[in-house]
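# Examination of the molecular architecture
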Amino acid sequence: MINASLPELRRALDARQISAVELAGLFLDRIDALNPALNAFITVDREGALAAARAADARIAAGSARPLTGIPLAHKDVFCTEGVLTTCGSKMLANFVSPYDAHVVSLLKAAGVVSLGKANMDEFAMGSSNESSYYGAVKNPWNLDRIPGGSSGGSAAAVAARLAPIATGTDTGGSVRQPAAYCGITGIKPTYGLVSRYGMIAYASSLDQGGAFGASAEDCALLLGAMTGFDERDSTSLERPAEDYAAALAAPASARPLEGLRIGLPREFFAEGMSDDVRATIDAAIAQYRALGATTVVVSLPNAKLAIPAYYVIAPAECSSNLSRFDGVRYGHRAAEYGDLADLYAKSRAEGFGAEVKRRILVGTYVLSHGYYDAYYLQAQRLRRLIAQDFQAALQHCDLIAGPTTPTTAWALGEKADDPVQMYLSDIYTIAVNLAGLPGLSHPAGFGADGLPVGLQLVGDYFAETRLLNAAHRFQQATDWHAQRPACAA
């Protein structure tokens, strides 16, 4: 059961081969055994999980189960969860128990999902390695000396190690797709606005988007379908008809199921910067897509090289504004000793925030300051528009864009801790997708020379989630990279 897909778990639950309580117990016991080494979870909610599992068993017995009823899940600790510690990986919120549920959490509770607890993450979702968490670094299940990627590294590691079959994440500049690639699982970031940001603690509001992790595209489709939906409390939430992403994958496989699909290969993604072993793996995966009937065409994203500088102006600017609420007054960490109100603010924030968060707040405050707003922030927004236009021009010649998710496999813990710029460059292929607001997916494509997973990224036009998931699903029907497990999950 531990390595079963969501459809297999659904059939087992419905056939009473296992109860939701028994299934939750299996995963909770794995968390107890493996989490001390992996550090994938910050909070394990055994009591809440078993209560939700009992309610799921009652729904199954009554014949009112939905596709995810009784399925265990891990929530990234950025989603507010009523009555459960919600820390955002920070000392600032180490004592914050949320009084309400995020919209995503509410939807999944209504679907009957069993939440096992809250997954570790880079502090306030700021990082690419999951080393900035106040609760310590998450370890990659494939090699405990390597990073799992970030900021949703705890969620990705939990799914890869089968501490949970599925998990939620958030993606501001690649924080679902990048850890999915490093941990050898599938992760999808939908079109901006499809998943409500209500109750999702903000980093950069114009970039943040909830996403889904699973072992396969099919598992991600089931989870994403339950997470999307209009929310009037989020001004950026899109009011669109619901889509059944999983149903679209149900057509029987054929020898060439992707006949007619045009895949664009951006020349900028295949230039310098990619390691040789990642390049070889991606080339082989693209050859597999051709064997499935897809055709490939070279396209260009000429402003892609500007994505990282534009992102690291826009995102810190928005974070400096969003994180101003954490002042030691209403909730969160408060300094024990202070002189006056200004001293309370200064000491509480100095004690509560980690080094990476402070760095981004300082950068963001600087680029928004008088005399620099026009030179930096407005210029970055102009570049953002050019990047989005590049994608639209490229998608006139293809249906999907493909390339590597990351330039290398996962690096060693601590290797880039003293060089934040090098760490930022690990998101070179993912950030532009967020700046454009497009959907992106990463799926396992093979392994590098060091035996660590390599991910292939697919990018589609707005609302092309079904097309992305279908392409990845057909690839996974023809290969078994997604079925490979680290030793701890074998």
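That block above? That's the structure.
Scope of this entry: the structure provided in the associated data block. Owing to the predicted nature of the structure, the values given are computational and were not obtained by experimental measurement.

Rules and cut-offs
Residues numbered from 1 in each chain as written. Predicted model: local features only at pLDDT ≥ 70, side-chain atom pairs only at ≥ 80, totals over all residues. Heavy atoms only, no water. Salt bridge = Lys/Arg side-chain N within 4 Å of Asp/Glu carboxyl O. Buried < 20%, exposed > 50% of the residue type's maximum accessible area, 1.4 Å probe, protein only. Helix = DSSP H or I, 4+ residues; strand = E, 2+ residues; numbered from the N terminus. Pairing = 2+ DSSP bridges. Axes fitted to C-alpha atoms, helices over the stretch in contact; angles between N-to-C directions. Polar contact = N/O pair within 3.5 Å; in protein donor to acceptor, adjacent residues only side chain to side chain. Contact = heavy atoms within 4.5 Å. Phe/Tyr/Trp six-rings, centres within 6.5 Å; stacked < 30°, edge-to-face > 60°. Lys NZ or Arg CZ within 6 Å of the ring centre and 35° of its normal. Right-handed = clockwise from strand over helix to strand, strands pointing away.

Overall, the coordinates contain 17 salt bridges when judged by the stated rule. A salt bridge links D101 to K109, with the nearest nitrogen and oxygen atoms 2.8 Å apart. Given a relative accessible area of 12%, D101 falls into the buried group. Across the salt bridge formed by D343 and K347, the nearest N and O atoms sit 3.3 Å from each other. Of the two residues, D343 and K347 both sit in helix α10 (residues 341-352), 4 residues apart, roughly one turn of that helix.

Okay, the sheet that holds strand β2 (residues 72-76) next. Taking strand neighbours across the sheet as the criterion, the 11 strands line up as β1-β3-β2-β4-β6-β5-β10-β11-β9-β7-β8 in an open arrangement whose pairing is mixed. In this open sheet, the two strands that pair with only one neighbour each are β1 (41-44) and β8 (295-299). Taken pair by pair, the neighbouring strands of this sheet meet at an average axis angle of 30°, ignoring direction. Note: β1 against strand β3 (residues 114-119), 3 bridges, orientation antiparallel. Across the sheet, residue T43 finds its bridge partner in β3, namely K118.

Turning our attention to the side chain of S442. The residue S442 is located in strand β10 (residues 440-447) in this model. Under the relative-accessibility criterion, S442 is labelled buried at 0%. Polar contacts involving the side chain of S442 include one to the side chain of T405, which spans 2.9 Å. The residues touching S442, leaving out its near neighbours within four places in the chain, are R177, A180, A181, I185, T186, G187, T405, G455, L456 and Q457.

To continue, consider the pairing of strand β11 (residues 453-460). In terms of residue burial, β11 counts as a mostly covered element, since 8 of its 8 residues are buried. Of the two faces of β11, the one holding P453, G455, Q457 and V459 and the one holding V454, L456, L458 and G460 are both buried throughout. As defined by bridge partners, strand β9 (residues 400-404) adjoins β11 across 5 bridges and the pair is classed as antiparallel. The partner of L400 across the bridge, within β11, is G460. Note: β10 against β11, 7 bridges, orientation antiparallel.

All right, on to the packing of aromatic side chains then. On inspection of all chains with the given rule, the structure shows 18 aromatic pairs. Relative to Y424, the ring of Y312 has its centre 4.1 Å away and its plane inclined at 20°; by these criteria the two rings are stacked. Of this pair, Y312 sits in helix α9 (residues 307-322) while Y424 sits in helix α13 (residues 420-424), placing them 112 residues apart in sequence. Residues Y312 and Y424 agree in their burial class; the two are buried. Members of the aromatic cluster, joined through ring pairs, are F96, F124, F326, Y331 and F353. A cation over an aromatic ring shows up here: R240 above the ring of F463, its NZ or CZ 3.7 Å from the ring centre.

Moving on: the pairing of β2. The buried fraction of β2 is high, at 5 of 5 residues. Residues P72, A74 and K76 point to one face of β2 and L73 and H75 to the other, with burial holding for every one of them. As paired strands, β2 and β3 are joined by 5 bridges and run parallel to one another. Residue pairing in the sheet places H75 in a bridge with K118 of β3. In this fold, β2 hands off to helix α4 (residues 103-110), which returns the chain to β3; that crossover is right-handed. Bridge analysis of β2 against strand β4 (residues 166-170) gives 2 bridges, and the strand direction is parallel. From the neighbouring strand, A74 faces β4, where its bridge partner is A167.

Moving on, we come to α4. Within α4 the residues assigned to the buried category are H103, V104, V105 and L108. Buried residues in α4 make contact with β2, β4 and α7 (217-227). G112 lies just past α4 and shows a positive phi near 90°.

The values are spatial; any link to function lies outside them.
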